[in-house]
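Coordinate inspection notes
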Amino acid sequence: MKHLVCLMVLYFISEVGSFDLVIDEIPDEVENLIDVEIDGFPPVSKTRNGRYQRSTSDWGYVEDLVEDDDKIGLYSYKVQSTITSRLANTMIQAKMVNNAKRSQHVVFDVQVPKGAFIDNFTMDVNGITFTSSIREKSEARRMYSQAKAKGKAAGIVRSNALDMENFKTEVNVPPGTRIQFELHYQEMIRRKLSSYEHVISMKPGRLAKHMEVDVRIIEPQGLRYVHVPSSLGDHFDGITTISKGEKKAHVSFKPTMAQQRKCPTCSSTAVDGNFVVQYDVNREKTGGELEIFNGYFIHFFAPENLDPLPKNILFVIDVSGSMWGLKMKQTIEAMKAILSELRAADQFSLIDFNHNVRCWRDNLVSATPAQVEDAKKYIQTIHPNGGTNINEALLRATFILNEAQNLGMLDPNSVSMIVLVSDGDPTVGELKLTTIQKNVKQSIKDEFSLFCLGIGFDVDYDFLQRIATDNRGMAQRIFGNQETSAQMKKFYNQVSTPLLKKIQFNYPQESVSDVTQSSFHNYFGGSEIVVAGKVDTENLQHLESIVTATAANAELVMETLRDVEELDGFMKKDKYADPEFTKKLWAYLTVNQMLAERNTAPTAALKRNITKSILQMSLDHHIVTPFTAMLIENSEKDEIMLADQPKDPRRGCCSGTLGLTPNAPNNNKGIPAWANVTAVPVSFMPEQRSPPVSAVSINRVDNDPHFIIYLPKSQRNICFNINSEPGDILNLVSDHGTGVVVNGQLIGAKKAENKKLNTYFGKIGFYFKNKGLKVEINTETITLKDGSYSIALTWSDTGHIIRKQLLVSVKKESNVTITVGEEMSFMVLLHRVWKNHPVNVDFLGIYIPPENQLSPEAHGLIGQFAAEPEVYIHHQRPGQIPEKPQATMEVKGNKLTVTRGLQKDYRTDRVFGTNVQCWFVHNSGKGFIDGHYKDYLVPHLYSFLKKP
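Notes on the structure in this doc start here. Worth saying up front: this structure is predicted, and the values here are computed from it rather than measured.

1. Quick notes on the overall build of the protein
- Counting its regular elements, the protein contains 13 helices and 54 strands.
- The buried share among the 948 residues of the protein stands at 59%.
- Excluding contacts between residues fewer than 6 apart, the proportion of contacts in the protein whose partners are at least 24 apart in sequence is 69%.
- With an accessible surface of roughly 38,100 Å², the protein has 48% of that area assigned to carbon and sulfur atoms.

2. Description of the packing of helix α7 (residues 433–443) against helix α8 (residues 461–469)
- Relative orientation of the contacting elements α7 and α8 amounts to 20°, with a least axis distance of 10 Å. Judged on the interaxial angle alone, α8 and α7 are roughly parallel. Our pair here, α7 against α8, has a crossing hand that is right-handed. Of the residues in α8, those touching α7 at Leu433, Ile436, Gln437 and Val440 are Phe463, Arg466 and Ile467.
- Classifying every residue of the contact of α7 with α8 gives five nonpolar, one polar and one charged.

3. Digging into the pattern of salt bridges
- Tallying each qualifying case throughout the model produces 33 salt bridges.
- Glutamate 304 serves as the salt-bridge partner of arginine 191, at 3.3 Å between the closest nitrogen and oxygen. In this pair, arginine 191 is assigned in strand β13 (residues 191–192) and glutamate 304 in the loop between β21 (296–301) and β22 (311–318), connecting sequence segments 113 residues apart.
- Judged by relative accessible area, arginine 191 falls into the buried class, the value being 4%.
- Take glutamate 304: its relative accessible area is 29%, and that puts it in the partly exposed class.
- Across the salt bridge formed by aspartate 578 and lysine 584, the nearest N and O atoms sit 2.9 Å from each other.
- Because the salt bridges share partners, they merge into one network encompassing Arg86, Arg191, Glu219, Arg224, Asp280, Arg283, Glu304 and Glu528.

4. Concerning the sheet that holds strand β30 (residues 512–513)
- Taken together, the four strands give an open sheet; going across it, the order is β20-β21-β32-β30, and neighbouring strands pair in antiparallel fashion. The two strands at the open ends of the sheet, each matched to only one other strand, are β20 (289–293) and β30.
- With six bridges connecting them, β21 and strand β32 (residues 529–535) associate as antiparallel partners. Along β32, the bridge assignment pairs tyrosine 296 with lysine 534.
- Against the sheet, helix α11 (residues 581–599) engages β20, β21 and β32, with an angle of about 70° to β21.

5. Some remarks on the packing of aromatic side chains
- One pass over the full model with this rule turns up 25 aromatic pairs.
- Measuring from centroid to centroid gives 6.4 Å for phenylalanine 451 and phenylalanine 491, while their planes differ by 70°, and the two rings are edge-to-face. Of the two residues, phenylalanine 451 is situated in strand β27 (residues 448–455) and phenylalanine 491 in helix α9 (residues 484–495); the sequence distance between them amounts to 40 residues. One exposure class covers both phenylalanine 451 and phenylalanine 491, and it is buried.
- Considering the side-chain rings of phenylalanine 865 and phenylalanine 928, the 4.5 Å spacing of their centres and the 20° angle between planes classify their relative orientation as stacked. Taken together, the residues span a long stretch of sequence, with phenylalanine 865 in the loop between β50 (843–848) and β51 (871–877) and phenylalanine 928 in the segment after α13 (922–925) at a distance of 63 residues. Taken as a pair, phenylalanine 865 and phenylalanine 928 share a single burial class, namely buried.

6. Topic: the nonpolar core
- By size, the foremost hydrophobic cluster in this structure holds 84 residues, and its most contacted members are Ile503, Phe766, Val775, Ile777, Ile818, Met889 and Phe928.
- With residues up to four places along the chain from it excluded, the contact list for phenylalanine 766 reads Val741, Val742, Leu773, Lys774, Val775, Ile777, Ile818, Phe826, Val828, Ile846 and Tyr942.
- Counting residues in each nonpolar core, the second largest holds 55 residues, with Ile92, Ala208, Ile217 and Ala249 among its members.

7. Overview of the side chain of aspartate 905
- Within the secondary structure, aspartate 905 is located in strand β53 (residues 894–905).
- Only 2.5 Å separates the side chain of aspartate 905 from the side chain of arginine 700, close enough to count as a polar contact.

8. Description of helix α12 (residues 604–621)
- With 18 residues, α12 extends 26 Å between its outermost C-alpha atoms, agreeing within 8% with the 26 Å of an ideal straight helix rising 1.5 Å per residue.
- Where α12 is concerned, the buried positions are Ile610, Thr611, Ile614, Leu615, Met617, Ser618 and His621. Down the axis of α12, the sector holding all buried residues measures 165°, keeping them to one side. Exposed and facing more than 90 degrees away from the buried side of α12 are Arg608, Lys612 and Asp620.

Cut-offs applied
- Residues numbered from 1 in each chain as written.
- Predicted model: local features only at pLDDT ≥ 70, side-chain atom pairs only at ≥ 80, totals over all residues.
- Heavy atoms only, no water.
- Helix = DSSP H or I, 4+ residues; strand = E, 2+ residues; numbered from the N terminus.
- Buried < 20%, exposed > 50% of the residue type's maximum accessible area, 1.4 Å probe, protein only.
- Contact = heavy atoms within 4.5 Å.
- Areas by Shrake-Rupley, 256 points an atom, 1.4 Å probe, with all protein chains shown as cover.
- Axes fitted to C-alpha atoms, helices over the stretch in contact; angles between N-to-C directions.
- Parallel < 35°, antiparallel > 145°, perpendicular 65-115°, else oblique.
- Left-handed = near helix turned anticlockwise from the far one by under 90°.
- Nonpolar A, V, L, I, M, F, W, Y, C, P; charged D, E, K, R; others polar.
- Salt bridge = Lys/Arg side-chain N within 4 Å of Asp/Glu carboxyl O.
- Pairing = 2+ DSSP bridges.
- Phe/Tyr/Trp six-rings, centres within 6.5 Å; stacked < 30°, edge-to-face > 60°.
- Core = buried A, V, L, I, M, F, W, Y, C linked by side-chain atoms within 4.5 Å.
- Polar contact = N/O pair within 3.5 Å; in protein donor to acceptor, adjacent residues only side chain to side chain.
- Expected span 1.5 Å × (residues − 1).
- Arc of directions from axis to C-beta.

So this is what it looks like as structure tokens:
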């Protein structure tokens, strides 16, 4: 009987070295098990040497397989993937048969996404199963040596990178052998360009009798959409099925053997590419989504509807001789497209370098159409030649940015970045990579970022990754081919829209531990920041998070509160959901973070300590990392297969993460004490989040709409109603002296009752002219506007917007408080009704304390009472209704009949309200307010009343 000879090669082709597994010799026990018929396998289980051999009857009938000339048949090719809150667990399984009458190689070749962790690999040869375990690398080598000395099959599986690509196993088997390969890996799907993209490699190499891709998505946030593009080609249109619910989806791809053929008579397969599933989730909260389960929390943060921050960007382009030809042509094409996408508020310049360094402009210039066009003409004239002086090029770029900042040319809210494009190592000037890294680190400001694009495989990607991570950026390798231009543009699009800077996540320290990176330099539109940690769910009912950040026109403080048991019921009911998804995501983030920290560790001692932590995490969570190895052995552990990967210093260690750059300065303190954050100087923060007034001493407009005016001197509440039309805008405060306007726009009920259509405030606008700020509040959103910039929160958020000493505080589904320094404050209440109510609609109420420091020029339905009129109420008498007495009120030279009654203050009880006694003025306040109520109608939400 011929020996079973195995050769396993685990290739990581594009961004990583290879895995090599060599089986030197097969023990007799295994050889005896390959006692099979030439034309097939025994249909039932057998026992050899007292060992159970698993039945292969589940394979079914294998004689009708389509075979190539090598007579190897692919019985089935199956992919199962389950995504639970961005964590994808994927299994790829192939069952193959050697139907030749000779021994030959059977190959299992799949691609694993960059950044995925392999956590299991099994191989079944005629019912004998080899399973895997994770070991420390030196231990694996020791076992390798021992196994080899004893004549056992031996090899080692280990990884020196997480940017894994190809996993290839090659086994030489005798005739009639059935072999099953099964690979498991896990990855966190990162959001890029506003979409999660789950990529599954489908390159079986031959027709499969049974082929299936089965993807299940479970997202507690809810699914916005699920899409499967035609990435495998139009050949397979109509075969994929998508079933989508509110929070779950199922994608199935099951082409028959006939559908797999390239043509009706072809024996080759058309399945050769990637099967891609794209989706996104619902986002109702600007402060992000907290998911808590099994003692861990995951915080997903991807705010939308924010204005971009201006950016200052320097493109540093390698034009050395190695860039000649297609690479340079593609780079020029990409740069022309990128320059066209710069915004008017951006500043930019270009630096090209070989052995010399040239600047298109010696300073940053505005991205006007004329400047952009001139820059395009400049790059069109570039002709690659000479050496590569990376050190001087990067130092020149940092000098230009530093000088611009020192001269006050940079908007304080802007984001500054350098984008380096290179295809090789330095050959001129400073050649030592560690020195270049140190030089750049010393010269670049803390608020600047460096992004690196490495073209092809001559470039030292590990160096680019270190220098980018060290300077709050990321690196990416792109291929020097026809796709270079598209890859460059796609990378730029990921960093072209900075929405936030200086993002800080805060959690109660007594309730959480082992929190992953929580301070980030930038957040880019279309991406997502993810923070994870352990949480004490036994002694905690709710977990609160506070996120502070700088937006284009405001400081943001966003709060999220989540019940620690909220997910329990949902997760336990779903049989496909991974019950350990929070633990695995935490481990994934933690290991990647430690790998990045190790890459930039300043001392050998610190690097050793980080290595020990990574190793322990790898062993605890059974994942292959650069410091562990995978042993593959049979159940009795007397047959060992190992594979060894030679360390390749040219390959990167850990994948970059868009928008997740460490060491952002913590400039936030005080929002509660445990948060230790400050979005603005403390003097700008209000002492309370609601207006600092008592329950009765306040002016308010609520319900349909009822006005209650509090008169401090006479200690009385005077009430009146305004009966106007839907769409009318009523001026509440118009103060030319302080430049403050408050207006409310009316909406109508769904239908009239008793021949009367009730009206309510559906939108309230605040205009602070001296600050140039406007705030619009409706029943859906709260928006702060500063010129062309705007930023919004929804009523499902709890958070703060801070701009020019104006604070907008939102309490989820309750109220908004606007505070202007120490001078004035306003509160707007939200009233929600049953959405299917036949009559009522959602509406707003507004509460204004009389202590607000308005000027003597203040007017409006409420503002006019800043100067309190003399009010004399006398001759109280019974009214038509006994509990509502009447009286005579003298005010502003008028004698009015008023009625004693009750109105509501909804600040403490938004459903039933608190009774407030007041004297009611009839006829829309006629005689109490100046003029007629129609005099207070204004054309726009931010209009002042005309001066009399």
